[in-house]
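# Per-entry structural report
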Amino acid sequence: FEIANSNYTYLYRNIFFGIMCFSMIGGWSFFVHGQRSGAFVREKYQGCNVPDPFRIGDGRCDEQTPYNSIECDHDGGDCVAGAAMYPKCFGNFIGLLGDGICTDWPPYNSVSCGYDGGDCPTPVEVENYPGCFVVDPSLIGNGWCDEKVPYNTLECKYDGGDCQPVDGYSLCYVDDPNMIGDGDCFDRPPYNSLECGYDGGDCS
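Attention in this report is confined to the structure presented alongside it. Just so we're clear, the structure is a prediction, and the values are computed from it rather than from any experiment. (Residues numbered from 1 in each chain as written. Predicted model: local features only at pLDDT ≥ 70, side-chain atom pairs only at ≥ 80, totals over all residues. Heavy atoms only, no water.)

### Here's the deal with the overall build of the chain
Along the backbone of the chain there are six helices and six strands. Mapped from its N terminus to its C terminus, the chain presents α and β elements in the order α-α-α-β-β-α-β-β-α-β-β-α. A total of 204 residues make up the chain; the buried ones form 34% of that total. Here the analysis covers contacts within the chain between residues at least 6 apart in sequence; of these, 22% occur between residues at least 24 apart. Accessible area of the chain: about 12,600 Å², with a carbon and sulfur share of 59%. (Helix = DSSP H or I, 4+ residues; strand = E, 2+ residues; numbered from the N terminus. Buried < 20%, exposed > 50% of the residue type's maximum accessible area, 1.4 Å probe, protein only. Contact = heavy atoms within 4.5 Å. Areas by Shrake-Rupley, 256 points an atom, 1.4 Å probe, with all protein chains shown as cover.)

In structure tokens:
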């Protein structure tokens, strides 16, 4: 009787642990699927549309849009605010603000970040380009496409004509149009953006 009772205990214990393991694996699989597919992101962050939802809230700040945006809660909280002076400035290296060196790319050199905490000169309007305000006007129309904002914008005539239009995307201007829709996701602006069809569908 004691041997039989011991066998039943062993059996029940194995069944219990089997159910526990199955539940854990099933729960983890559900979580991973939801994270990878974007279901959790869409549910938590309304209006946050990104090609790689699993990067939202993964502990690493993706400074580029659309990840670092209000809709995505600034990469799910991965990007930190620039303290009291710049509460609307969110980035990965907030220590760069006011370090004496102009960090001339978004989000640092922007109004929200106080033009890199005062390190970057106040943008000036470029002659013959109404509404085009940049730090270095000499970069406009110099033969090299400066893809970053504000150079590559409608107001600046897409870097003074240095950035090339992409067929099928009227508002998409880049340095190399051949990279749009080439089968590889180039996950940075302006390629991976709404205007460029998320790299011509490569990042969708």
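Following the structure, the description resumes.
### Focus: the pattern of salt bridges
Enumeration according to the criterion identifies four salt bridges in this entry. Notably, a salt bridge pairs Asp 62 with Arg 55, separated by 2.6 Å at the nearest N-O pair. Residue class for Arg 55 comes out buried when judged on its relative accessible area of 15%. Connected through salt bridges with shared partners, the residues Asp 52, Arg 55, Asp 62 and Asp 187 form a single ionic network. (Salt bridge = Lys/Arg side-chain N within 4 Å of Asp/Glu carboxyl O.)

### Some points on the nonpolar core
By size, the foremost hydrophobic cluster in this structure holds eight residues: Val 126, Tyr 129, Cys 132, Val 134, Leu 139, Ile 140, Tyr 151 and Cys 156. Judged by nonpolar contacts, the second largest core, of seven residues, contains Cys 48, Val 50, Tyr 67 and Cys 72. (Core = buried A, V, L, I, M, F, W, Y, C linked by side-chain atoms within 4.5 Å.)

### With respect to the state of the cysteines
By definition, a disulfide is the covalent link that joins the sulfur atoms of two cysteine residues. The final tally for this structure, using the stated rule, is eight disulfides. Through a disulfide, Cys 89 is tied to Cys 113; the S-S separation comes to 1.9 Å. Linking Cys 89 and Cys 113, the disulfide has an S-S dihedral of approximately 90° and is accordingly described as right-handed. One end of the pair, Cys 89, is in strand 2 (residues 86–91); the other, Cys 113, is in the loop between strand 2 and helix 4 (114–117), with 24 residues separating them in the sequence. Each of the two residues, Cys 89 as well as Cys 113, counts as buried. (Disulfide = S-S within 2.5 Å.)

### Here's the deal with the environment of Val 124
Along the chain, the position of Val 124 falls in strand 3 (residues 124–125). For Val 124, a relative accessible area of 40% translates into the label partly exposed. It is 5.6 Å that separates the C-alpha atoms of Val 124 and Val 134, two residues lying 10 residues apart in sequence. Once you skip the residues sitting within four places of it in the chain, Val 124 turns out to touch Cys 132, Phe 133, Val 134 and Pro 137.

From the geometry alone we can't say anything about function, so treat these as descriptive.
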